[in-house]
Amino acid sequence: MNVAPRPSSPDPSVSPWPVRVLDALGARPRLAVALAAIVPFLGTLGDPPVLDDGWAALDNPLVHSLSNVGRIFRELYGYAGAASVRGPYRPLTTISYALDYAVHGRWTPGYHVVNVALHAAASLLVLALARRLARAAMPDRADRLALVAGLLFAVHPAHVEAVATIFGRTELLAACFAVGSLLLALRWREARWTLPAAVAVLVLGVLSKEFAVLTPVLFALCAVTAPAAAGLAARPGFRTEAGRRALRGTVLVAAALSLAVIPYFLGRRGVPLTVAPVARWFPEGTSAAHIALTMSRVMGEYLRILLFPSFLGGDFAYAARIGTLTEPNPGFWVATIAWVVALAGAVTLVVRRRAPLVALGLLWTFVALLPVMHFIPVGVLLAERLLYLPSVGFCIAAATLLARLGPGAVTAPVARRAPDPAGEDPMEAVRVRLPPVAAGLVLAIAALLATRTVVRALDWRSNLALWESELSKAPRDVVVNNNLAVEYTARRDYARAVERLKVALAVHPSYWRAYVNLGLAYQGLGARDQAQASYLTAMQLAPEPESTGPRYFLALLLRDEGRLDAALAVVRDARRLGPEEGRLARLEGDVLLRLGEAAGARAALERALALDPADGEARALLARTSRPAAAATP
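Computed from a predicted model, the values in this text were never measured in an experiment.

Student: Please provide a residue-by-residue account of the overall build of the chain, values included.
Tutor: The helix and strand inventory of the chain stands at 29 helices and two strands. The burial tally for the chain puts 53% of its 634 residues in the buried class. Counting only contacts in the chain whose residues sit at least 6 apart along the sequence, the fraction spanning at least 24 positions is 68%. Within the structure as shown, the chain displays about 28,100 Å² of accessible surface, and the carbon and sulfur contribution to it stands at 62%.

Below you can see the structure in the form of structure tokens.
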């Protein structure tokens, strides 16, 4: 009788190195994924604040004391920012900053450590989610698929903006809580406590960022594509009794998860979901057709970032790359065909019950991108940080395809001439590795993505690096040129600042902020007449509520020239427009002190300290007013 020989695992010592490396990673998948998430971002730990880090965290007075926690729940996110950033309700993110501040104050490495730790946690949650889904849909490749999904998510360069910036924490918290809630919800039949716990965790996610509200839909997608992962005996549907029971269970869990939005709306207290008109990317009155054309192009760009993250940039780089479309162009057609084919392919896979995790991953990506498609106006055209939660689906779909490159685990008959004394089953599972070429491909993709992540993180190492990077991609953008000039001025590189500001004003002659910064640059160069002319132009162009800035800097210039009466007239005019600005009250007190009017100076400086108790300069000036004879200062 011919008996098949017992299969044997390959000797690791003679396996090609890509296979050995992947085997080593697979032996400790959690450690491998955590290190992959942490190591590429070690260089960000010493980064200074950039872009929105100030108003979101470091300069937000609400985070400076834990006694403000109650008030944080009553205020909108963006409390310390301009009107263009107010509107969302994200108290949990602000509380996380308050906890940071309570531990280490403004020490920025502490904030970055928390962000990197959250990214590692999110990557481990993706590993766990992929494993649960794969054990239901592809049990022979589950561990391999989960490892690859976790690694891809950990090192994908689309996540750099979310991880490397302090303000990106909203994405990290929302994704961690959303995926954590989903994992608990998938276990709803295993223990009674899991569904209530899932709802509670999702409440935290929605209070971190609104996008977590999509979790019930993501659960439904998992239930349809991988029913066993959701504890269902059949695919939800209407045709069979088992399908109807599964459908009722799916609706029950999704409805329970939807309760997580209640605290969010109670906290908003009726504030509209849409951003303020000043913050909208598309101005009010933009036709729906133009928005649809543009966002179709944007959807294709999001998919391109996930697949081929060669070009990466900030909001302004993508605005220059895409723009607002008023008619179809070649970029629109390529992008639209790409995402329509991807979406149609995903739906076809679901209908035909083929490659369920590929279908799930693609549909997850599309669903998670819906909130930024301007059905409800938002303040950005495209931003890489917004891909953090959608990329979970992409990484699962990509990992599924890569895991299918080799055979899965199989069972094979084991030849025995005598009964096995250990009572071993004659059918034994045999672990089959990825072929060397496939293992090498997985490692090469992960290495390329990790390298791109490290390089992209360098763009966020400072405001100067950020705006120089944006300038290389959007050389005519007004805001990029203006903000880069601000960085040059801060470094006393006034000539380059003037150069950038002239570009900004050539593109947008009525951009009053550029005139303010031009005045500062000219003042640094000693060209006081040109500086004064720039400030006066800014005063004429700026809307009245915002024209306090040009007046403040003009008054400073006049004070420094010794023209104290003129400076006093300008600063008092500014105070009329901005009575709550502490710096204006401080400047008025300074000018009055120089004029020898101690009583008036004292009143103005006391007002400045009432508006900003942390103003050390106003406190020092106030101390001078209490001297026996406050003489005029030349």
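Student: Which residues make up the pattern of salt bridges, and what are the values?
Tutor: Tallied over the full model, the rule gives 36 salt bridges. Here Arg-71 makes a salt bridge to Glu-75, at a shortest N to O gap of 3.5 Å. Relative accessible area serves as the criterion here: at 33%, Arg-71 is assigned to the partly exposed category. Its relative accessible area of 25% is what places Glu-75 among the partly exposed residues. Salt bridges linked by common partners bring Glu-241, Arg-244, Arg-245 and Arg-248 together as one network.

Student: Could you give an account of the confidence of the model for the chain, with specific residues and numbers?
Tutor: Interpreting fine coordinate detail is not advised for predicted regions of low pLDDT. On average, the chain scores 87 in pLDDT, and the residues at 70 or more come to 89%. Contacts from residues 409-430, a stretch scored under 50 in pLDDT, to residues over four places away or in other chains number 32 contacts. Confidence drops under a pLDDT of 50 for residues 629-634, and excluding neighbours within four residues, the segment shows 15 contacts in the predicted structure.

Student: Residues and numbers for unusual backbone geometry, please.
Tutor: One non-glycine residue, Arg-353, lies in positive phi territory at about 60°. The exposed category is assigned to Arg-353, whose relative accessible area is 61%. The backbone of His-374 sits at a positive phi, close to 65°, despite the residue not being glycine. Relative to the elements of secondary structure, His-374 occurs in the loop between α17 (356-369) and α18 (390-403). His-374 gets classed as buried once you look at its relative accessible area, which sits at 9%.

Student: Please provide a residue-by-residue account of helix α10 (residues 194-206), values included.
Tutor: Its 13 residues give α10 an end-to-end C-alpha distance of 18 Å, which sits within 8% of 18 Å, the value for a rise of 1.5 Å per residue. Where α10 is concerned, the buried positions are Thr-194, Leu-195, Ala-197, Ala-198, Val-199, Leu-202, Val-203, Gly-205 and Val-206. Contacts made by the buried residues of α10 are with α9 (169-186), α11 (215-225), α12 (241-258) and α13 (262-268).

Student: So what about the nonpolar core? Which residues, and what values?
Tutor: In terms of nonpolar packing, the biggest core is built from 178 residues, with Leu-129, Leu-133, Phe-219, Tyr-302 and Val-392 touching the most fellow members. In terms of residue count, α9 provides more of this core than any other element does, 13 residues in total. Excluding its chain neighbours within four sequence positions, the residues that come into contact with Val-392 are Val-126, Leu-129, Phe-153, Val-179 and Trp-364. Grouped together as the second largest cluster of nonpolar side chains are 14 residues, Leu-62, Tyr-77, Ile-95 and Ala-98 included.

Student: For the packing of aromatic side chains, give the residues involved together with the corresponding values.
Tutor: Inspection of the entire model under this criterion finds nine aromatic pairs. Ring geometry for Tyr-89 against Tyr-264: centres 5.9 Å apart, planes inclined by 65°, an arrangement best described as edge-to-face. In this pair, Tyr-89 is assigned in the loop between α4 (69-72) and α5 (91-104) and Tyr-264 in helix α13, connecting sequence segments 175 residues apart. Both residues of the pair, Tyr-89 and Tyr-264, belong to the buried class. Both rings, one in Tyr-535 and one in Phe-553, keep their centres 6.3 Å apart while their planes meet at 20°; by these two values the pair is stacked. With Tyr-535 in helix α24 (residues 528-541) and Phe-553 in helix α25 (residues 548-560), the pair connects residues that are 18 residues apart, well separated along the chain. With relative accessibility at 0%, the residue Tyr-535 sits in the buried group. Among the aromatic residues, those joined into a cluster by ring pairs are Tyr-89, Tyr-264 and Phe-265. Against the face of Phe-311 rests Arg-321, its NZ or CZ located 4.3 Å from the ring centre. Taking the ring centre of Tyr-552 as reference, the NZ or CZ of Arg-583 above it sits at 4.4 Å.

Student: Report on the side chain of Thr-489, specifying residues and quantitative values.
Tutor: By the element assignment, Thr-489 lies in helix α21 (residues 478-490). On the accessibility criterion, Thr-489 (19% relative accessible area) is buried. Aside from chain neighbours lying at most four places away, what touches Thr-489 is Tyr-494, Ala-497 and Ala-521.

Student: Got a sec to walk through the packing of helix α16 (residues 330-352) against α17? Specific residues and values, please.
Tutor: Closest axis-to-axis distance for the α16/α17 pair is 8 Å, and the angle between their directions is 135°. When the axes of α16 and α17 are compared, the pair comes out oblique. Between α16 and α17 lies a crossing whose hand is left-handed. For the pair α16 and α17, the contacting residues are Trp-339, Ala-342, Leu-343, Ala-346, Val-347, Leu-349 and Val-350 in the first and Val-358, Ala-359, Leu-362, Leu-363 and Phe-366 in the second.

Student: Mind laying out the side chain of Ser-296, listing which residues take part and the relevant values?
Tutor: Its place among the elements puts Ser-296 in helix α14 (residues 288-307). Separated by 2.5 Å, the side chains of Ser-296 and Thr-336 make a polar contact. For Ser-296, the contacting residues outside a window of four places in its chain are Phe-332, Ala-335, Thr-336 and Trp-339.

Student: How would you sum up the environment of Lys-209? Please name residues and give values.
Tutor: By secondary structure assignment, the location of Lys-209 is in the loop between α10 and α11. Classification of Lys-209 as buried rests on a relative accessible area of 4%. On a C-alpha basis, the gap between Lys-209 and Glu-171 in space is 6.9 Å, while along the polypeptide they are 38 residues apart. Beyond its immediate stretch of four places on either side in the chain, Lys-209 contacts Arg-90, Thr-170, Glu-171, Ala-174 and Leu-386. A polar contact is formed between the side chain of Lys-209 and the side chain of Glu-171, at a distance of 2.3 Å.

Student: Can you lay out a nonpolar patch on the surface for me, pointing to particular residues and giving the numbers?
Tutor: A grouping of Leu-31, Leu-35, Val-39 and Leu-42 is seen on the molecular surface, where their side chains present a nonpolar patch of about 360 Å² in accessible area. Along the polypeptide, Val-39 turns up in the loop between α2 (29-38) and α3 (53-58). In this structure Val-39 comes out as partly exposed when scored by relative accessible area, which is 49%.

About the cut-offs
Counting restarts for each chain: residues are numbered from 1 in the order of the written sequence. Two thresholds apply to this predicted model, a pLDDT of at least 70 for residue-level local features and 80 or more for giving and counting side-chain atom pairs, whereas whole-chain, interface and lining totals are computed over all residues. Only heavy atoms go into the side-chain values, all of them from the structure, while hydrogens and water stay out. In this text, helices come from DSSP runs of H or I with a minimum length of four residues, and strands from runs of E with a minimum of two, each type numbered from the N-terminal end. Exposure categories follow from relative accessible area, calculated using a 1.4 Å probe and restricted to protein chains: below 20% of the type maximum is buried, above 50% is exposed, and the middle band is partly exposed. Contacts are assigned to residue pairs that have any heavy atoms within 4.5 Å of one another. Here the Shrake-Rupley method, with its probe set to 1.4 Å, supplies the accessible areas, and only the displayed protein chains count as covering residues. Each reported salt bridge corresponds to a side-chain nitrogen of Lys or Arg within 4 Å of a carboxyl oxygen of Asp or Glu. Per residue, pLDDT captures the predictor's confidence, and it can take any value from 0 to 100. Each helix should span, by expectation, one fewer than its residue count multiplied by 1.5 Å. Residues enter a nonpolar core if they are buried and are Ala, Val, Leu, Ile, Met, Phe, Trp, Tyr or Cys, with the set joined through side-chain atoms within 4.5 Å. Pairing of aromatic rings covers Phe, Tyr and Trp, the last through its six-membered ring, and needs centres within 6.5 Å; plane angles under 30 degrees mean stacked, over 60 mean edge-to-face, and all others mean tilted. The rule is short: NZ of Lys or CZ of Arg within 6 Å of the ring centre and within 35 degrees of the ring normal puts a charge over the ring. For helices, the fitted axis covers only the stretch in contact; all axes are lines through C-alpha atoms, and the angles between them, taken along N-to-C directions, range from 0 to 180 degrees. Our angle categories are set so that under 35 degrees counts as roughly parallel, over 145 as roughly antiparallel, 65 to 115 as roughly perpendicular, and the remainder as oblique. Should the near helix be turned anticlockwise from the far one by less than a right angle, the crossing is left-handed, and should it be turned clockwise, the crossing is right-handed. The definition of a polar contact used here is a pair of N or O atoms within 3.5 Å, where within protein one atom must be able to donate a hydrogen and the other to accept one, and adjacent residues in sequence count solely through side-chain atom pairs. Patch rule: a residue counts if its relative accessible area is over 30% and it has no salt bridge; like charges are joined within 9 Å, and nonpolar side chains (Val, Leu, Ile, Met, Phe, Trp, Tyr) within 5 Å.

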